[in-house]
Amino acid sequence: MNPIWRRELRRVFYLLVMGVALGYYLDNPFIGICAVLAGYIGWHWLQLYRLNQWLEDGQSSLLPRTLGIWGSVFTQTQRLQQRSIKNQQQLQGVINRIQDSTAALKDAVMMVDSTGALEFWNQAAEGYLGLRHPVDLGQPITNLIRTPEFKSYFEQADYREPLVIKSPVNPQLSLQFNITLFGRRDRLILVHDITRLKQLEQMRKDFVANVSHELRTPLTVISGYVETMQMGADMLPPRWARMLQQMNSQSHRMGNLIKDLLMLSQLETSQAKDEQSIDVEAMLQSIETDARALSNGRHQVNLVHADKQRLTGNYNEIRSAFSNLVFNAVKYTPDGGSINIEWRQTRHGGCMSVKDNGIGIAAHHVPRLTERFYRADPSRSIETGGTGLGLAIVKHVLLHHQGELKIESEEGKGSTFSCVFPLKRMTDGVADATSDSEQ
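Model, not experiment: these values are computed from the prediction. For every chain, the first residue of its written sequence is number 1, and the numbers climb from 1 along that sequence. Totals for whole chains, interfaces and linings use every residue, but because this is a predicted model, local features are given only for residues with pLDDT of at least 70 and side-chain atom pairs only at 80 or more, for both listing and counting. Hydrogens are left out, water is left out, and the side-chain values use all remaining heavy atoms of the structure.

Peer 1: Which parts of the structure should I look at to understand the nonpolar core?
Peer 2: Nonpolar side chains tend to gather and get buried jointly when the protein is soluble and globular. Leu 284, Phe 322, Leu 325, Trp 343, Met 352 and Cys 419 are the most contacted members of the largest nonpolar core, which totals 41 residues. Elements with a minimum of two residues in this core: helix H8 (238-269), helix H9 (280-295), strand S7 (300-306), helix H10 (315-332), strand S9 (338-346), strand S10 (349-356), helix H12 (390-400) and strand S12 (414-422). Put simply, DSSP marks the helices as runs of H or I at least four residues long and the strands as runs of E at least two long, and each gets a number from the N terminus on. Element by element, the count of residues in this core is highest for H10, at 8 residues. Residue contacts for Leu 284: discarding those within four places in its chain leaves Leu 303, Phe 322, Ile 341, Trp 343 and Met 352. Grouping buried Ala, Val, Leu, Ile, Met, Phe, Trp, Tyr and Cys residues that are joined through side-chain atoms within 4.5 Å yields what is termed a nonpolar core. We call a residue buried when its accessible area falls under 20% of the maximum for its residue type, exposed when it is over 50%, and partly exposed in between, using a 1.4 Å probe and counting protein chains only. In this analysis, two residues are considered to be in contact whenever any of their non-hydrogen atoms come within 4.5 Å of each other.

Structure, rendered in structure tokens:
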């Protein structure tokens, strides 16, 4: 047992002995014991009162001096209080360092509780978003950033992809929002100024579009003169005929490259327009016919299945994406191979797939296939006359239609390219006379 408690028990024992002695003196031991216990309890109440007063006065008052168990209680309480103050000071120091470091950041940092109320933000947030301290403290963030895109993004709680919007106080700034959930549905919001990146991206798109457009006219002239010279090739030496044939082939290849660049630039800078109900079955039948003509009997090209469900979208863009996949299969499948085209509806939407038993693609190439000019086999692409932009075009077409490109491939066993569309773009198989006439 603790020595303090032993001394306290001895003190109680001595008090009881004094009470009994006082009782015998008064000829009533019970009264003596009660009187002593009443004094003992009164002393404890006095110590409780002193402790309460000291705690209320805080660190400014001196520690009361007393005896027995209460002296130990006062001392231990003071130690706990001093330890708590020290921990609070350390914690406040950490908080101050965090606040100082976040204040120095060029990116905006905000903390929002589970109800969406602002708890903290740094100085950059005031410049980017127009927040005011302390007026906006505790206000719902959706009341302060009133952009509909941000409100929808914030409330859906799916933050796998960042949100890019204009600054509510400076439309010249493009801001990227990254939100992370932590704790009990609290949110940490990081806002990065990507204005410079957007400007560079726009400059790149404009450059590609302008250069492609400017190259088209001189290339048309050169191709025309080469074709004219080929018409009189019989009068030229054999070496000149081969040279003209190569010039004609390369000019056509460059023409295809310029055409793909212009289309890709148009897809990047615009949204899908002129949407209509597309008879996918009829479209794929037409593409199948073109693919057989391109194959010239070297492959088995089959439309193995086509549901009657129609797809809502831009006819020219969808046809371009589908034909790119089918023609790629023809180009990269060895002679004697088979190419199967399928259109089906699933519970999640629609899926157009092109399956071949060609050379296949190594797994490390698959994630990069939709990059511009990326070729898994450069020598093979040169032989087939590919531009390296086909899958990039497919990707952007699907982005316009909220779709996704899925690629399954294994070297030596062929590939399957699938265009997956959301259910909201699927319609029934009833023909629309207006759409059919436009097609």
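Peer 1: In this structure, what is going on with the sheet that holds strand S5 (residues 186-193)? I would like to understand it.
Peer 2: Strand pairing is assigned whenever DSSP identifies at least 2 bridges connecting the two strands. Overall, antiparallel pairing links the 5 strands, which are arranged S2-S1-S5-S4-S3 in an open sheet. This sheet does not close on itself; its edge strands, each paired only once, are strand S2 (118-121) and strand S3 (163-166). Sheet twist, expressed as the mean angle between neighbouring strand axes with direction ignored, is 25°. Here an angle of 0 to 180 degrees is reported between the N-to-C directions of two axes, which are lines fitted to C-alpha atoms, with helices fitted over the stretch in contact.

Peer 1: Quick question: what am I supposed to make of the side chain of Ser 174 here?
Peer 2: With respect to the secondary-structure elements, Ser 174 resides in strand S4 (residues 174-182). N or O atoms closer than or at 3.5 Å make up a polar contact, with two conditions inside protein: a donor-capable atom paired with an acceptor-capable one, and, for residues adjacent in sequence, both atoms drawn from side chains. In this structure the side chain of Ser 174 is engaged in a polar contact, spanning 3.3 Å, whose partner is the side chain of Lys 166. Excluding its chain neighbours within four sequence positions, the residues that come into contact with Ser 174 are Ile 165, Lys 166, His 192, Asp 193, Ile 194, Thr 195 and Lys 198.

Peer 1: When you look at the sheet that holds strand S11 (residues 404-410) in this model, what are you seeing that I'm missing?
Peer 2: By way of backbone hydrogen bonds, the strands of a sheet pair with one another, either parallel or antiparallel. What the 5 strands build is an open sheet, ordered S7-S9-S10-S12-S11; its pairing is mixed. The two strands at the open ends of the sheet, each matched to only one other strand, are S7 and S11. Averaged over neighbouring strand pairs, the angle between their axes works out to 15° when direction is ignored. Summarising the sheet, S10 and S12 pair through 8 bridges and their orientation is antiparallel. Each bridged residue has a counterpart across the sheet, and for Ser 353 the counterpart in S12 is Ser 418. Sheet strands in contact with H9 are S7, S9 and S10, and its direction is about 175° off that of S7. Most of the contacts of H10 go to S10, to which it runs at about 25°, and overall it touches S9, S10, S11 and S12.

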